[in-house]
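Structural overview for review
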Amino acid sequence: MATALQDRTAVRREGRPPAGSGTAPLERQHRRIFWPFAGPALLVYAVLFLAPIGYAAWTSLYKWDGMGAKQWRGLHNYQLLFGDPTFRTSLLNTLEILVVGGAITFAISLALTLVLREMRARLFARSVLFFPCLVNAMVFGIAAGFLFSPDGPVNTVLHWLGVAAPPKWLATDNLFPMIVATLVWTATGYYTAIIMAAVDQIPEYLYEAAELDGASAFQRFRHVTLPLAWDVISVCAVLWTVSSVKIFELILMYGGSSSNQPPVSTWNTAMYVYTEAFPQTSAPQLGMATAAALVSLVMVGVITLALRRLMRRTAVEY
């Protein structure tokens, strides 16, 4: 009897259920309700996402115009893809949008978070900053054509200020920087709003204690805001990684027209996939298009996993 009592005491200290009792009742209940709740969602995910990805991977091994018979190519499509200078330009542009555009966006968003945290009218300011992400990309394309045309309002104001030769804003060499600047402008308010929603949940007494200790606004941001909102910032980084690769309509509106595609120097991988699947003067190349789409998918997956690993930190409870 003494031995049994010692065994039960050891079990309680180790946090394990008593011998012979099996899994705890609450854990068994959780296991029973997991599949009824998760099963339908997993089924929809498999049908709408995993199955199309598998079919795209299979299609990427063929030469196919979408109508005739498929011709087996194997991995030759991927060799042609990476040997295509247009695709390499598109891939580099995609990485530039992701890295450079993301760095600028989050630098401005965090700076705005520092400022908004100390503002009285911050709710109104957040609404104003958030507004551009609600506007359709077609509006930006039309507005850019009006504002930055040679005789548009921007150049007119520059002439009044004494600038005799203003930049050719919509020239081919300047289109891609204009696209990145527009992306930064529209995304900054979106991510600022998300980060500020996390900042609003931080208890006020932490800022009061830091202020009593003599911390400046930047020091309060560095030692209170940033650590406690870090999980939300890392999620925003993943959201930017995914969304920046899918940008398409803004490039089409800025550089394209009803009869011409945008200049190749402005393409990203999404634009490359579109032009391969829906060319204007030749037969569709669905094998090449799906191969390019899968390369983009793998790139996003690798970068997302790397971001999650690099930005992983111990959770701070408050």
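Our subject is the structure listed above.
Our subject in this report is the structure included herewith.

Calculation rules
- Residues numbered from 1 in each chain as written.
- Predicted model: local features only at pLDDT ≥ 70, side-chain atom pairs only at ≥ 80, totals over all residues.
- Heavy atoms only, no water.
- Salt bridge = Lys/Arg side-chain N within 4 Å of Asp/Glu carboxyl O.
- Helix = DSSP H or I, 4+ residues; strand = E, 2+ residues; numbered from the N terminus.
- Buried < 20%, exposed > 50% of the residue type's maximum accessible area, 1.4 Å probe, protein only.
- Phe/Tyr/Trp six-rings, centres within 6.5 Å; stacked < 30°, edge-to-face > 60°.
- Lys NZ or Arg CZ within 6 Å of the ring centre and 35° of its normal.
- Axes fitted to C-alpha atoms, helices over the stretch in contact; angles between N-to-C directions.
- Left-handed = near helix turned anticlockwise from the far one by under 90°.
- Contact = heavy atoms within 4.5 Å.
- Nonpolar A, V, L, I, M, F, W, Y, C, P; charged D, E, K, R; others polar.
- Parallel < 35°, antiparallel > 145°, perpendicular 65-115°, else oblique.

For the rest of this paragraph, the subject is the pattern of salt bridges. All told, the structure shown has two salt bridges when counted by the stated rule. Salt-bridge contacts for glutamate 204 lead to arginine 117; the nearest nitrogen and oxygen are separated by 3.1 Å. Taken together, the positions of glutamate 204 in helix H9 (residues 204–212) and arginine 117 in helix H4 (residues 85–117) put the pair 87 residues apart, joining distant regions of the chain. Among the residues examined, glutamate 204 registers a relative accessible area of 43% and is labelled partly exposed.

This brings us to the packing of aromatic side chains. Applying the stated criterion across every chain yields a total of 14 aromatic pairs. Centroid distance tyrosine 45 to phenylalanine 49: 5.2 Å. Interplanar angle 25°. Geometry classified as stacked. Highlighted residues: tyrosine 45 and phenylalanine 49, both in helix H2 (residues 25–59), separated by four residues, approximately one helical turn. Taking relative accessible area as the criterion, tyrosine 45 reaches 42% and is therefore assigned partly exposed. The exposure class of phenylalanine 49 is partly exposed, given its relative accessible area of 45%. An aromatic cluster of three or more residues is present, and its members are Phe106, Phe130, Tyr190, Tyr191 and Trp240. It is lysine 70 that lies over the ring of tyrosine 62; its NZ or CZ is 5.5 Å from the centre. Cation over ring: lysine 70 sits above tryptophan 64, and NZ or CZ is 4.7 Å from the ring centre.

Glancing now at the packing of helix H5 (residues 122–130) against helix H8 (residues 172–199). At a minimum axis separation of 7 Å, H5 and H8 run at an interaxial angle of 145°. Crossing angle aside, the handedness with which H5 passes H8 is left-handed. Residue-level contacts link Arg122, Arg126, Leu129 and Phe130 of H5 to Gly189, Tyr190, Thr192, Ala193, Met196 and Ala197 of H8. A class-by-class count of the residues in the contact of H5 with H8 yields six nonpolar, two polar and two charged.

This paragraph deals with the packing of H2 against helix H14 (residues 286–310). The angle between the axes and the distance between the axes are what describe a pair of packed helices. Two elements in contact, H2 and H14, have axes separated by 8 Å at closest approach and are oriented at 125°. When the axis of H2 is compared with that of H14, the two are oblique. Of the two possible hands of crossing, H2 and H14 adopt the one that is left-handed. Contact residues: H2 offers Ile53, Ala56, Ala57 and Thr59, while H14 offers Leu286, Gly287, Thr290, Leu294 and Leu297.

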